[in-house]
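Secondary and tertiary structure notes
These are the residues of each chain, in order.
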Amino acid sequence: MPEPTKKSGSAFTKKPKSLHVCAGSTAEFTAETAKPEVKVKWQKDGKDIQASNKYIIKQDQTLHTLIINDASKEDDVVYSVISGTSKVKFEMKIKGQDGKDEKPSSKPEAAENNESVPVSSPSPEPVGELKDEAPFSTSEKEEDEIVTVITPPPAEDKEDDLATSTPSPQPPSDDSLPESAKGRKDSVWSLGEAPPDDIDKPEDTPRSTLLIEKPQSGSVTVGGDITFIAKVEAKDLLRKPTIKWFKGKWMDLASKTGKHLQLKETFDRLTKVHTFVMSIIKAKDNYAGNYRCEVNYKDKFDSCSFDLEVKEVPEVSPSIDIRSAFKRSGEGQEDAGELDFSGLLKHRANREVKQEETVPEEDVWEILKNAPPQEFERIAFEYGITDLRGMLKRLKRMKREEKKSEAFAKKLESAYQTDKGGKIKFVVELADPTVELKWYKNGQEIRPTPNQKKYVFEHKGNQRILVINNCTMADDAAYQVMAGDEKCSTELFVKELPVTITKELEAVKTTVNERIELDCEVSEEGANVKWFKNGVEIPREIRSRFRFKSDGMKHTLVIEDAKKEDTAVYSAMTTGGKSEAHVQVDLKPLKVLQDLTDQTVRLGKPLVLHCEINPANIPGRWYKNAQLIQGTDRVKITHKGRSHKLEIENAVVDDMGDYTFVPEGYSMSLNGKVHVIDPPKIHLDSLNYPENTVTVTAGNKLRLEIPVTGQPAPKVVWMKGERVILDTGSRVRAESFPDHSTFTIDVAEREDTGMYKIVLQNEAGEDSAQIKIKVVDIPDPPQAPIVTEVGGDWCSMIWETPLYDGGSPILGYFIERKKKQSSRWMRLNFDVCKEKAFEPKKMIEGVPYEVRVFAVNAIGISKPSEPSKAFVPLAVTSEPSMLVVDEVTDSTVTMKWRPPEHIGAAGLDGYVIEYCFEGKDEWIVSNQELIEKTKYTIPGLPSGEKIFVRVKAINAAGASAPRMHPHPILVKEVIERPKIRIPRHLHQTYIRRVGEVVNLLIPFQGKPRPKVSWMTNGQPVDPTQVNIRNSETDSILFIRKADRKHSGKYELTVKVENHEDKATIDIQVVDRPGPPEVVKIKDIWGENVALEWTPPKDNGNAEITGYTIQKADKKTMEWFTIIEHYHRKSTTVSELVIGNEYFFRVFSENMCGLSEEARVTKDSAMIVKEGSNYKNPDYQEYDFTEPPKFTHPLVTTIAVSGYNATLNCSVRANPRPKVIWMKNKIVIDNDPRYRMFSNQGVCTLEIRKPCPFDGGTYSCKAINDLGEAQVDCKLEVKGGVTFYELLQKGVPLNLINNFLNENKGCEPQKE
């Protein structure tokens, strides 16, 4: 059996491990997920853990951590971490100060999970493979899925070396094994008993119900088969659910399938039910235990637990050959080559049963306690121990429980033994008689019940006694007594005595169909007796001819309705004996009372074949033409006593033949013949043609196959009118066959339409029928359609019905259109139009179109009609928008509007204005000719009347819908008071700089048109200086080039009759200020100079905002700014250099900037050292002028094509020279490929991406008033064509690079 593979769907890449921690300490569990930011949930005993001071939950990307502070006894539980559908369990064990667990483990044998078993021990095979002697087990890979780590406690005494003295490998932990794999019957629990402590209870988490039928617990004998079935309803499921079968806690059985385990699944499409089956074949003792079925579908989950109990079959053998125990289990089988060591032990145990009368009973527990570990195998072999490992674990636990007790003065013995049906007493003595005492069996509390004599509880002083009466094998279990928080344990072994056969079976000889009874008596009531036939056990099935009866010590095997194959040797076997008897079943002599007779039957009439034989109740078989006949709904086979019948309700031709009846078990047979006759008949109903009318499309092939019946085969004749259709015809012909006749028209034509007659004749009679054949075709095309109306993108069209509909009603029409200049037709409707009118839409306005029509019937589509006359879709415009009153006088009304929002391809020719007096319905056209403007004045209106006004847009398609003014308009001029609306930015002084444009727009309102006037400083505005432009709604003041004289306050007056409105605008034209008037040096001391100045006369028509002070050394006269934006008119200049003589100047500053000139001090300030007067010597001024001279010449350079190159040189001259670059003595000027720089005498020429043509002689010439100088160099550009030629020749790039570098190095050497 291969190892199970690890689940690939787990969301965790790293799983938390179980820990042992001391009380009061901190425990940390870490899990890592495959994806970051995945939601993870931590649980304690199935309940979600909330973050608190006790429990700290952290998450960092894929790392998830649970920290438990101040660990206590309450924290010694099972924890789990859940992500999606993945769940990992782990434990935390709390230790006391002495390093032992404070809380007893819920799994009694968890501490012994590291014990070893000697290599040659006759214990079961190691867990991990599914073989003949191995249970289903959990592999190491499956243990990784949910890890439980329990550290074994340190050795305390010598007995702990029992399992560690031999160098055998460690078996798997008991936590990973189901109870059934631990080798004791008491570990198997069923639904009627409480589960052991070490089996986890299912978590109380909400789950979705998927299972409609759950597998039930069951029992099976060793070597038997059992099946567990689970069903899932799939009505609400989109795909098949996932099911898993487990044994114990975590062992997945999917990887254990093989000889002894099979998993199957089926799906019923009618009931929508998935059926999952788990079959266990040839069960063994270690297959017993708890199983679990889990079903998953997306976010739904369901599970069910069930138990399997494997019952042993006791075997009795008078003698055993040890060599037979080591025989090969099979030849060529899957388990061939395995040694049947367990079978040897079982036979050894059976042999010990017979020796009980002479060999004194020995206590195996005492022998194991006192024996060294190396003798364990010999003792197990001698005393027939098949579960040595389980006994060693119990022995070790009993030894550990020998520590001194505070609650018990006297504990229970380590083990007790009694015979089946006997009585046993458990006695303990308490140190404190007031302590409450409880008794447990396999972890389940034993409670006293009224009228129960099974368990008796007695008190004698400090002694507490439990008496178990009439012990059975169910009492073979582990018992515990709990006194307060302390307990002691023991084991009870119930010994079952062998059952012997006191009355042997007797041989039986009988005949078939008789009843057989085989009786025997045993030495004990209620004993288990197994029955065998030829050495094979007879199964106890519900519907079987074998029945088993038990009455006290008498056991009976009953065989109902004996058959010949029941002849065999039958045996009854108990645990202590076996009895055999031979049963012989013979046949009774056969006598024919009524034989079969030949029959002739009419077709469709019932047929009955009958015969009688003696003896009665002998089954038989019917044959037709040597073929076995099976019973059906039409053919019924009956057997009643001596009578055998074969009944056929409706005889058919196929029923003719030779019939034979053969009694079962006899060589005799009865024979008879059947003959079926039938008159001819035509079966037109099978054609499914209404009124026997066949419709065919013209040009297609017609082939009619008419079923006919008759015995013998009838003669067939086809006719059309008086003309007989022969089978030799070319296009129309008829053919005859035994069971049908065919009529064929290769290419149907309209002339083939008509009535056809078929006639059948044979010896039994005559039959005829008529068939109508109708040939249909596509209709003729309709006439050309007529376009009745045209719109902007649509038209209306009508047409007439086609002259010929093709023999089939017209179903509708298809319509197509195209542009007149195009040849491409476009289908307008995909569903047939059942009317004879249609309205095509979505045409382009102004483009000529044509339309045509197709007629459609059931056969197909006709040819197209002739195209219609060409038409052009045109549409009127939409109505004009926003019609408002612009002006009203005593005789006119002026209206304004906007053009239509939509103007089609016909364009817009103009507008028509109409008006109507209030109270009348007559509209008067005001303009006799179209106008193109969107403003119109209606003249000649009577004053005081009210009119309605509307406007229409006109184009080639006609007039649009009118746009009407919503209210009547009074024809009377209205005086509106004048009102000036000064813009917000003119409410304050309007400032402009000298030379800028002044353009002010002042809106106003008033009717009739107001009179506008401008004044400045009490005088009318000079039109030569300021331009004024007035309109009906605003006035513009415009100055092309502002001057300071334009500053002032301008007054605007708007007047309507006796009403007027005024507004004042302040205009300020500003300029830079003049320099300060006088700048004086008030005082000089040390390194400081005090300055003082007066404001400028001209402030530039703006406030002086500050001053800027600068200083200059008399030697260089280079000015440096000392202070900027200074507001005062005096300052002190500090940190001047002693020995230097300084001049100072001051700039004025306003909102326009600094003054154009500065005021300079007349006198200079000499900074002298205090205490001494230094007189400057007179020096002759040095002449720094010199002609140009190159201090660094140009250097010959080699450049690479495509990479920038630079040429550098340095020149010294005073005054500063003019630098000229030349190539081949031609001045380089305004060439974008060259860039020239000069900085501090360093001259640079940069050549951008040179090519080989840029090579040559480059010169740099410097010229000033004193002379000139020139330097030359050569530039060689490599690459370009030569470079690519090298590449084309296949020269590697590294060699080309080395070649260029060598050329660069050679040039300086040549120089």
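Details of the structure are given in the entry above.
Quantities reported herein were computed from a predicted structural model and do not represent experimental measurements. (Residues numbered from 1 in each chain as written. Predicted model: local features only at pLDDT ≥ 70, side-chain atom pairs only at ≥ 80, totals over all residues. Heavy atoms only, no water.)

1. Focus: the sheet that holds strand S88 (residues 1197-1200)
- The strand order across the open sheet built from five strands is S88-S95-S94-S90-S91, with neighbouring strands paired in mixed fashion. A single partner strand is all that each edge strand has here, and the edge strands are S88 and strand S91 (1226-1227). (Pairing = 2+ DSSP bridges. Helix = DSSP H or I, 4+ residues; strand = E, 2+ residues; numbered from the N terminus.)

2. A look at the nonpolar core
- By size, the foremost hydrophobic cluster in this structure holds 28 residues, and its most contacted members are Phe-228, Trp-245, Met-278, Ile-280, Tyr-291 and Leu-308.
- Contributing elements (two or more residues each) for this core: strand S12 (226-233), strand S13 (242-247), strand S16 (273-280), strand S17 (289-297) and strand S18 (300-311).
- Setting aside residues up to four positions removed in sequence, Met-278 forms contacts with Ile-226, Thr-227, Phe-228, Trp-245, Leu-253, Leu-261, Gln-262, Leu-263, Tyr-291 and Phe-306.
- One finds Leu-702, Leu-704, Leu-760 and Ala-769 within the second-largest nonpolar core, a separate group that totals 24 residues. (Core = buried A, V, L, I, M, F, W, Y, C linked by side-chain atoms within 4.5 Å. Buried < 20%, exposed > 50% of the residue type's maximum accessible area, 1.4 Å probe, protein only. Contact = heavy atoms within 4.5 Å.)

3. Notes on the environment of Arg-540
- By secondary structure assignment, the location of Arg-540 is in the loop between strand S32 (536-537) and strand S33 (546-551).
- As a C-alpha pair, Arg-540 and Lys-530 span ten residues in sequence and 9.7 Å in three-dimensional space.
- Those residues within four positions of Arg-540 in sequence are excluded, and the remaining contacts are Val-529, Trp-531 and Phe-548.
- In terms of polar contacts, Arg-540 uses its side chain to reach the backbone carbonyl oxygen of Val-529, at 2.8 Å. (Polar contact = N/O pair within 3.5 Å; in protein donor to acceptor, adjacent residues only side chain to side chain.)

4. Some words on the pattern of salt bridges
- Scanning all chains against the criterion turns up 38 salt bridges.
- We note a salt bridge from Asp-475 to Lys-454, for which the minimum N-O separation is 2.6 Å. In this pair, Asp-475 sits in the loop between strand S25 (463-468) and strand S26 (478-483) while Lys-454 sits in the loop between strand S23 (444-445) and strand S24 (455-460), placing the two residues 21 residues apart along the sequence.
- For Lys-454, a relative accessible area of 21% translates into the label partly exposed.
- Here Asp-752 makes a salt bridge to Arg-731, at a shortest N to O gap of 2.7 Å. With Asp-752 in the loop between strand S51 (740-745) and strand S52 (754-762) and Arg-731 in the loop between strand S49 (723-725) and strand S50 (732-736), this pair connects stretches of sequence that are 21 residues apart.
- On the basis of relative accessibility, which here comes to 5%, the residue Asp-752 falls in the buried class.
- Here the salt bridges share partners, and the residues they tie into one network are Arg-515, Glu-517, Arg-547 and Glu-560. (Salt bridge = Lys/Arg side-chain N within 4 Å of Asp/Glu carboxyl O.)

5. A short note on the side chain of Asp-475
- You can call Asp-475 buried: its relative accessible area is 2%.
- Excluding residues within four positions of it along the chain, Asp-475 makes contact with Lys-441, Lys-454, Tyr-455, Ile-468, Asn-470, Leu-492 and Val-494.

6. A word on the pairing of S52
- For strand S48 (residues 715-720) and S52, the ladder comprises five bridges, and the chain directions are antiparallel. Bridged to Trp-718 within S52 is Ile-758.
- As defined by bridge partners, S52 adjoins strand S53 (residues 765-776) across nine bridges and the pair is classed as antiparallel. Bridge assignment links Leu-760 to a residue of S53, and that residue is Asp-767.
- Remark: two residues form the turn of the hairpin made by S52 and S53, two consecutive strands paired antiparallel.

7. Quick notes on the sheet that holds strand S3 (residues 27-33)
- On the basis of which strands lie adjacent, the open sheet formed by four strands has the order S1-S3-S7-S6 and antiparallel pairing. Pairing within the sheet leaves two strands with one partner each, and these edge strands are strand S1 (12-14) and strand S6 (55-60). Mean inter-strand twist for the sheet, computed between neighbouring axes without regard to direction, equals 30°.
- Pairing between S3 and strand S7 (residues 63-68): six bridges, direction antiparallel. Note on S7: the bridge partner recorded for Glu-28 is Ile-67. (Axes fitted to C-alpha atoms, helices over the stretch in contact; angles between N-to-C directions.)

8. Details of a negative patch on the surface
- Taken together, Glu-887, Asp-890, Glu-973, Glu-1032 and Glu-1057 make up a surface patch of like negative charges.
- The class for Glu-887 is partly exposed, based on a relative accessible area of 33%. (Patch = residues over 30% accessible without salt bridge, like charges linked within 9 Å, V, L, I, M, F, W, Y side chains within 5 Å. Areas by Shrake-Rupley, 256 points an atom, 1.4 Å probe, with all protein chains shown as cover. Lys, Arg positive; Asp, Glu negative; His and termini not counted. Charge placed at Lys NZ, Arg CZ, Asp CG, Glu CD.)

It is worth stressing that arrangement in space is one thing and function is another; only the former is reported here.
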